[in-house]
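Per-entry structural report
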Amino acid sequence: MDKMWSGRFLASASNLLDEFNASIMFDRKLYQEDIEGSLAHAAMLAKQGILTKEELTQITDGLNQVKAEIESGEFEWNISDEDLHMGIEKRLTAIIGDAGKKLHTARSRNDQVAVDFRRFVLKRNLEIVDALKLLMKEILVVADKHTETLIPGMTHLQHAQPTNFGFHLGAYLSMFKRDIARFEDSYKRNNVSPLGCAALAGTPHNIDRNMTAELLGFDSVSTNCLDTVSDRDFALEILFNISTMMMHISRLSEELVMWSSYEFSFVELSDEYSTGSSIMPQKKNPDVPELLRGKTGRVYGSLMGLLTVMKGLPLAYNKDTQEDKEGVFDSVETALISLEILKEAIKTMEVKAHNMEAACSVGHLAATDLADYLVEKCDIPFREAHFITGRAVAKSEELKIDLSDIEFKYLKEIDSRISEDVLDFLVLRTSMNARTSEGGTSTARTKEQLESFKTFLQG
Ligand code: ARG
């Protein structure tokens with residue numbers, strides 16, 4: 001009968017219950033946050049005269065010893081202690097005696113776990129932002145080199161218009177920049193202290209919530225205790241932010257997988273970040289982007305899992321909420337390793353610029369330019385220009401050539417209003433550079449965009 005809450009029980013908990021109920025095997029990851037939270041809480045209790053100076057010293061020394069024991073591997077994590085909060089408090093009391101029993105004054109595990117988990121998530125928001133910035137820097141190195149490398153821009157995976165590879169990578173830089181804003185925004189919104197909310201309704205003890213908030217690095221104190229101990233929005237937000245970021249990573253990964261195929265051959269992943277086949281000796285497989293794509297699914301699962309756990313819970317704390325942690329731990333780890341490995345894969349891959357450019361000479365990428373020419377130079381309404389261009393594409397198909405190689409005489413036959421200067425419009429590089437509208441693909445506009453990402457990363 002050694003449970004902290006055993007007072008009203010006549011029989012001991014079954015081993016099966018211990019196994020089912022405990023979170024200590026995974027929530028021990030929060031030990032730093034838990035000990036820091038307890039140190040702040042004890043300091044506040046002492047300042048308010050609820051603990052004596054001597055008790056505070058004992059508690060502080062004791063907690064530091066527990067921390068050292070955890071870090072040296074000596075600490076015994078015991079499933080019958082249920083969770084890390086009780087495991088640590090029990091060990092503290094074993095070391096320092098009665099003063100340890102006073103630490104939980106004006107506190108509940110409900111606000112304690114809310115503090116620990118929230119601070120864990122807040123820190124990870126910032127770590128992910130840092131890792132995202134490193135990834136963006138590496139993508140920028142590649143993008144900078146390829147603002148003139150033509151690559152077919154596609155819709156429906158069909159050749160659409162000529163763009164450059166720097167511009168293409170710029171699209172991913174835009175996504176990652178938005179991801180950073182989301183993590184930072186979540187950080188700001190959730191940097192609010194739950195400590196002092198106790199079980200659900202606050203406490204009659206004369207506590208100072210602002211003091212603990214400040215000691216723990218929170219910007220402010222939460223407004224309503226009932227909400228605070230029930231709230232897991234901060235966990236849902238990081239799961240959503242990671243899910244969206246992984247979706248972006250997954251789309252880039254999908255392109256890397258395609259581009260690594262013989263059919264595309266736009267990039268070759270380095271040997272360091274490729275794998276072989278156990279049976280087919282020639283294989284060099286893009287396992288890294290494939291796994292990034294695959295792991296995205298698991299992260300979505302954690303987001304859906306927690307949304308579902310939360311949806312039917314009456315206020316305030318319910319044990320269901322204990323299911324909030326593993327999915328977040330797993331997703332945070334996945335996010336950090338994914339960002340790191342994607343950065344390395346991009347840094348070490350070979351860009352086959354020649355093949356990207358060669359791919360532009362099929363698929364009539366200049367078709368929109370011909371239509372634009374007819375509008376601009378011949379004053380033909382766009383719908384009609386679209387139709388005439390369609391005829392020119394059909395003619396090119398018949399001749400088994402790309403529209404960019406068609407001879408003037410064929411175009412003249414299709415529409416007599418066309419004059420020879422049309423051929424300039426059909427040059428693919430000219431076509432790419434013609435898209436000078438803000439955010440467009442021209443090399444000048446691409447450089448401008450890449451510059452804006454650099455400024456963002458410096459700021
Ligand atoms: N292990 C619990 C969790 O992670 C801590 C809070 C328990 N509170 C309670 N009243 N049972 O959610």
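You'll find the structure just up there.
Just so we're clear, the structure is a prediction, and the values are computed from it rather than from any experiment. Think of each chain on its own: its residues are numbered from 1, step by step along the sequence as written. In keeping with the model being predicted, local features are shown solely for residues with a pLDDT of at least 70 and side-chain atom pairs are shown and tallied solely at 80 or more, while totals for entire chains, interfaces and linings include all residues. Side-chain measures here rest on the full set of heavy atoms in the structure, leaving out hydrogens and waters.

Focus: helix H4 (residues 53-72)
Secondary structure follows DSSP: runs of H or I at least 4 residues long count as helices, runs of E at least 2 residues long count as strands, and numbering of each begins at the N terminus. What a helix is expected to span follows from its residue count: subtract one and scale by 1.5 Å. Taking 1.5 Å of rise per residue, the 20 residues of H4 would be expected to cover 28 Å, and the 29 Å separating its terminal C-alpha atoms lies within 8% of that figure. Lining the buried residues of H4 we find helix H3 (31-47) and helix H5 (84-96). We call two residues in contact whenever any of their non-hydrogen atoms come within 4.5 Å of each other.

As for the environment of Glu76
Among the secondary structure elements, Glu76 is positioned in the loop between H4 and H5. Looking at Glu76, the relative accessible area reads 63%, which means it is exposed. Linking Glu76 and Ile337, residues 261 residues apart in sequence, is a C-alpha distance of 29 Å. Any residue under 20% of the maximum accessible area for its type is buried, any over 50% is exposed, and the rest in between are partly exposed; the area is computed with a 1.4 Å probe on protein chains only.

Re the pattern of salt bridges
Once the charged atoms of two side chains with opposite charge are near each other, the side chains can pair. Put simply, a salt bridge is a Lys or Arg side-chain nitrogen that is within 4 Å of an Asp or Glu carboxyl oxygen. Scanning the model with the defined rule gives 35 salt bridges in all. In this structure, Glu333 and Lys29 form a salt bridge, with 3.2 Å as the shortest nitrogen-oxygen distance. Highlighted residues: Glu333 in helix H12 (residues 325-348) and Lys29 in the loop between helix H2 (24-27) and H3, separated in sequence by 304 residues. With a relative accessible area of 45%, Glu333 lands in the partly exposed category. Relative accessible area serves as the criterion here: at 40%, Lys29 is assigned to the partly exposed category. Across the pair Arg417 and Asp415 runs a salt bridge whose closest N-O atoms are separated by 2.9 Å. Overall, Asp415 belongs to the buried group, its relative accessible area being 9%.

Let's talk about H5
The end-to-end C-alpha distance of H5, which contains 13 residues, comes to 18 Å, matching closely the 18 Å that a straight helix rising 1.5 Å per residue would cover. Turning to H5, its buried residues number three or more, namely Leu84, His85, Met86, Gly87, Ile88, Glu89, Leu92, Thr93 and Ile96. Contacts from the buried residues of H5 go to H2, H3, H4 and helix H6 (109-145). Among the residues trailing H5, Gly97 stands out with phi positive, at a value near 80°.

Looking at the packing of H5 against H6
At a minimum axis distance of 10 Å, the contact between H5 and H6 shows a crossing angle of 105°. One element, H5, and the other, H6, form an angle in the roughly perpendicular class. On the side of H5, the interface is formed by Leu84, His85 and Met86, while H6 contributes Arg109, Gln112, Val113 and Asp116. In terms of residue class, the contact of H5 with H6 is built from three nonpolar, two polar and two charged. Axis definition: a line fit to C-alpha positions, over the contact stretch in the case of helices; interaxial angles, taken between N-to-C directions, run 0 to 180 degrees. Small angles under 35 degrees read as roughly parallel and large ones over 145 as roughly antiparallel, with 65 to 115 read as roughly perpendicular and the rest as oblique. Ten residues, namely Ala, Val, Leu, Ile, Met, Phe, Trp, Tyr, Cys and Pro, are considered nonpolar, four, namely Asp, Glu, Lys and Arg, are considered charged, and the remaining ones, Gly among them, are considered polar.

Section: the state of the cysteines
What counts as a disulfide here is a pair of cysteine sulfur atoms lying within 2.5 Å. Inspection of every chain in the model, using the stated rule, returns zero disulfides. Of the cysteine sulfurs around Cys197, a residue in no disulfide, the closest is that of Cys225, at 3.1 Å. Residue class for Cys197 comes out buried when judged on its relative accessible area of 0%.

Some thoughts on the site of the ligand
Close to the ligand lie Ser23, Asp83, His85, Arg109, Asn110, Val113, Tyr317, Gln322 and Lys325, which account for all nearby residues. A 3.5 Å cut-off defines polar contacts: any pair of N or O atoms within that distance qualifies, except that in protein one atom must be a possible hydrogen donor and the other a possible acceptor, and neighbouring residues in sequence count only when both atoms are side-chain atoms. Between a nitrogen atom of the ligand and a side-chain N or O atom of Ser23, the distance comes to 3.1 Å. In isolation the ligand exposes 340 Å². Once the protein is present, 87% of that is buried. Among the elements that make up the shell around the ligand, the one with the highest residue count is H6 (three residues). Of the residues assigned to the shell around the ligand, the class counts are two nonpolar, four polar and three charged. When we say a residue is near a molecule or strand, we mean one of its heavy atoms is within 4 Å of it. Each accessible area value is a Shrake-Rupley result obtained with a 1.4 Å probe; residue values ignore everything except the protein chains displayed when judging cover.

Focus on the side chain of Asn285
Of note, Asn285 is situated in the loop between strand S5 (267-268) and helix H11 (287-311). Of the residues examined, Asn285 reaches a relative accessible area of 18% and is grouped as buried. Discounting chain neighbours no more than four positions away, the residues touching Asn285 are Ser274, Thr275, Gly276 and Ser277.

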